Amino acid sequence: MENAMLITLKFWKWVKPKNVSFVILMLQFCLIFGQQKVIIIDPGHGGKDTGAIGANTIQEKDVALSIAKEIIRLNKTLLNNEFDMYSTRYKDTLISLSDRSRLAESLKADVFVSLHCNASNNSAKGMDVYVHNTNDEEVLIKKSIGMGLSILEESTQKLGFKKRAVRFSNFQVLRENIEIRPAILIEMGFISSTDEADYFLRIKNIRAMALAILMGLYNYLNI
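Residues numbered from 1 in each chain as written. Predicted model: local features only at pLDDT ≥ 70, side-chain atom pairs only at ≥ 80, totals over all residues. Heavy atoms only, no water.

On inspection of all chains with the given rule, the structure shows five aromatic pairs. An angle of 70° between the planes, with centres 6.4 Å apart, marks the rings of F83 and Y218 as edge-to-face. A residue pair is termed long-range when its members are at least 10 positions apart, and F83 in the loop between α2 (60–77) and β2 (84–87) and Y218 in helix α7 (residues 203–221) qualify at 135 residues. Y218 gets classed as partly exposed once you look at its relative accessible area, which sits at 28%. Here the aromatic rings of F161 and Y199 are separated by 5.1 Å at their centres, their planes lie at 85°, and the arrangement is edge-to-face. Linking F161 in the loop between α4 (138–159) and β5 (163–169) with Y199 in helix α6 (residues 194–199), this pair joins segments that are 38 residues apart in sequence. (Phe/Tyr/Trp six-rings, centres within 6.5 Å; stacked < 30°, edge-to-face > 60°. Helix = DSSP H or I, 4+ residues; strand = E, 2+ residues; numbered from the N terminus. Buried < 20%, exposed > 50% of the residue type's maximum accessible area, 1.4 Å probe, protein only.)

See below:
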């Protein structure tokens with residue numbers, strides 16, 4: 001599975017993510033915003049909320065945070081800050097679902113992307129993307145679906161994960177964002193599967209997943 005799921009990058013440079021608290025403070029005084037698309041990356045769970053526990057004891061909260069950090073770093077190093085990108089958390093802390101949405105509102109985000117891992121009692125594998133299950137904001141729902149499909153296409157073709165579906169749900173982070181911006185929740189594989197849990201143990205695979213998600217966003221937002 002590893003050979004099919006590996007993207008090799010020639011150059012990696014660690015960078016320190018932006019300080020969200022500082023940015024929110026500055027926004028209170030600044031009325032002029034750049035033309036970059038503002039993207040919120042939301043690594044799910046955190047702190048005492050571990051999320052799903054993998055077949056190899058890997059924790060969903062840690063996988064989501066590692067990939068979120070990589071997405072932000074790759075946006076800077078490979079795309080020269082194509083997007084103005086922020087994370088809802090930068091360390092192992094529990095952030096309320098409402099505060100995650102409030103951050104998106106404070107930063108006037110253009111899109112909201114929540115990162116999770118799936119788990120099942122059966123042998124399920126692959127990636128899903130969720131959008132909100134309402135028709136009230138038809139245009140934003142369609143945009144959310146389009147963004148989700150772009151990420152699914154990029155991730156499953158380049159990494160070898162099974163492409164499952166775009167699904168509909170009333171998750172709070174989707175519900176609180178969909179009236180304002182396209183919003184998706186990505187289930188980045190089943191860590192209840194030994195293969196997919198083991199995949200996320202290696203940093204090169206974390207980077208590969210982050211790059212696939214970033215390029216899925218890039219492809220959609222630059223149509």
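Pairing is mixed in the open sheet, where six strands are placed in the order β2-β1-β3-β6-β4-β5. Where the open sheet ends on each side, the last strands, each with one partner, are β2 and β5. Averaged over all pairs of adjacent strands, the angle between their axes in this sheet comes to 20°, without regard to strand direction. Judged from the six bridges that link them, strand β3 (residues 111–118) and strand β6 (residues 183–190) form a sheet pairing that is parallel. Bridged to L115 within β6 is I186. Packed on one face of the sheet, helix α3 (residues 97–106) meets β1 (38–43), β2 and β3 and runs near 165° to β1. α4 contacts β3, β4 (127–132), β5 and β6 of the sheet and is inclined by roughly 155° relative to β5. (Pairing = 2+ DSSP bridges. Axes fitted to C-alpha atoms, helices over the stretch in contact; angles between N-to-C directions. Contact = heavy atoms within 4.5 Å.)

Caution is warranted with low-pLDDT regions, since their predicted coordinates should not be read in detail. Mean pLDDT over the chain: 88, with 84% of residues reaching 70 or higher. Below pLDDT 50 for its whole length, residues 1–20 participates in 42 contacts with residues either more than four positions away or in separate chains. Below a pLDDT of 50 lies the segment residues 28–34, which in the model reaches one contact outside its immediate sequence neighbourhood of four places, other chains included. (pLDDT = per-residue confidence, 0-100.)

To continue, consider the pattern of salt bridges. In total, this model carries 13 salt bridges according to the counting rule given. Where D92 meets K61, a salt bridge forms, and the shortest distance between an N and an O atom there is 2.9 Å. Taken together, the positions of D92 in the loop between β2 and α3 and K61 in helix α2 put the pair 31 residues apart, joining distant regions of the chain. In this structure, E154 and K158 form a salt bridge, with 2.7 Å as the shortest nitrogen-oxygen distance. Linking E154 with K158, this pair stays in helix α4, spanning four residues, or about one helical turn. (Salt bridge = Lys/Arg side-chain N within 4 Å of Asp/Glu carboxyl O.)

This part takes up α4. Helix length check: α4, at 22 residues, gives a terminal C-alpha distance of 31 Å against a target of 32 Å (1.5 Å per residue), a fit within 8%. For α4, the full list of buried residues reads L140, I141, S144, M147, G148, S150, I151, L152, E154, S155, T156 and L159. Check the buried side of α4 and you find it contacts β3, β4, β5, β6, α6 and α7. (Expected span 1.5 Å × (residues − 1).)

So, about the packing of α2 against α7. In the contact formed by α2 and α7, the axes pass within 8 Å of each other and the chain directions differ by 60°. Put simply, α2 runs oblique to α7. In this structure, α2 meets α7 at a crossing whose hand is right-handed. Here α2 contributes S66, I67, E70, I71, R73, L74 and N75 to the contact with α7, which in turn contributes I206, R207, M209, A210, L211, I213 and L214. Considered class by class, the residues forming the contact of α2 with α7 number nine nonpolar, two polar and three charged. (Parallel < 35°, antiparallel > 145°, perpendicular 65-115°, else oblique. Left-handed = near helix turned anticlockwise from the far one by under 90°. Nonpolar A, V, L, I, M, F, W, Y, C, P; charged D, E, K, R; others polar.)

With 59 residues, the main nonpolar core has I67, L115, I186, M188, F200 and I213 as its most contacted residues. Setting aside its immediate chain neighbours within four residues, I67 contacts L115, M188, F200, I206, M209, A210 and I213. (Core = buried A, V, L, I, M, F, W, Y, C linked by side-chain atoms within 4.5 Å.)

With that out of the way, let us pick up unusual backbone geometry. Although it is not a glycine, H45 adopts a positive phi angle of roughly 65°. Positioned with a positive phi, N80 is a non-glycine residue whose angle comes to about 50°. If you trace the backbone, N80 turns up in the loop between α2 and β2.

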